[in-house]
Amino acid sequence: MDIKLALRRLCVFVLAAVFAIGVLGCGIDSGSGLSGNYRQDTMTLLDNLKTLIAMSQDDAGRADLQDTVRLQINDYAARYRRDNSVAGLRSFTTMQTALNALAGYYSSPYAIGRPLPEKIEKRLNQEFAQVERALQRGA
């Protein structure tokens, strides 16, 4: 009888430990600077993208900001893409469109080391403005 009770307690302890590790593991900060608040994270990413786009190619802080933005984009997409309360919002879909346009440019072989073309920059700024308006309306 004592062995069954000990095994039962051990199983409960192991299950509780696995559950705790799973829950706590999901909350680990990725180092991107995003908080988990959708509106705040969207504005943080927008501000950093605008700053990066406005920087000159030879700016000293550009490489660090590029790394930060790349990490934030990945974290942003991972956090909110499957969140049904966010994925249908106009601000999110427009932000995804802008990020896809930016990714499309940088995935091409002729984009390496070249500044963002004026046409794409203009389109991104328009979409960023739409995202800000949608966030203000709550959409």
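Here the structure is shown first, and the text comes after it.
Residues numbered from 1 in each chain as written. Predicted model: local features only at pLDDT ≥ 70, side-chain atom pairs only at ≥ 80, totals over all residues. Heavy atoms only, no water.

Honestly, the overall build of the chain in this entry has me stumped. Any pointers?
Each helix and strand counted, the chain has 6 helices and 0 strands in total. Counted from the first residue to the last, the chain has its helices and strands arranged as α-α-α-α-α-α. Relative to its full complement of 139 residues, the chain shows a buried share of 29%. In the chain, once contacts between residues fewer than 6 apart in sequence are set aside, the share between residues at least 24 apart is 67%. (Helix = DSSP H or I, 4+ residues; strand = E, 2+ residues; numbered from the N terminus. Buried < 20%, exposed > 50% of the residue type's maximum accessible area, 1.4 Å probe, protein only. Contact = heavy atoms within 4.5 Å.)

Help me understand the pattern of salt bridges, please; the structure alone is not making it clear to me.
Opposite charge on two side chains lets them pair, provided their charged atoms get close. On inspection of all chains with the given rule, the structure shows 4 salt bridges. Arg70 serves as the salt-bridge partner of Asp67, at 3.5 Å between the closest nitrogen and oxygen. On the criterion of helical spacing, the pair formed by Asp67 and Arg70 is a turn pair, its members being 3 residues apart in helix α3 (residues 62-80). Residue classification places Asp67 among the partly exposed positions, given a relative accessible area of 44%. Where Arg79 meets Asp75, a salt bridge forms, and the shortest distance between an N and an O atom there is 3.3 Å. You can see Arg79 and its partner Asp75 sitting in helix α3, 4 residues apart, about one turn around the helix. (Salt bridge = Lys/Arg side-chain N within 4 Å of Asp/Glu carboxyl O.)

Would you mind going over α3 with me for this structure?
Think of an α-helix as 3.6 residues a turn; residues three or four steps apart then line up on the same face. Between the first and last C-alpha of α3 there are 26 Å, a value that for 19 residues agrees with the 27 Å anticipated at 1.5 Å per step. Check the buried side of α3 and you find it contacts α2 (38-54), α4 (84-87) and α5 (90-106). (Expected span 1.5 Å × (residues − 1).)

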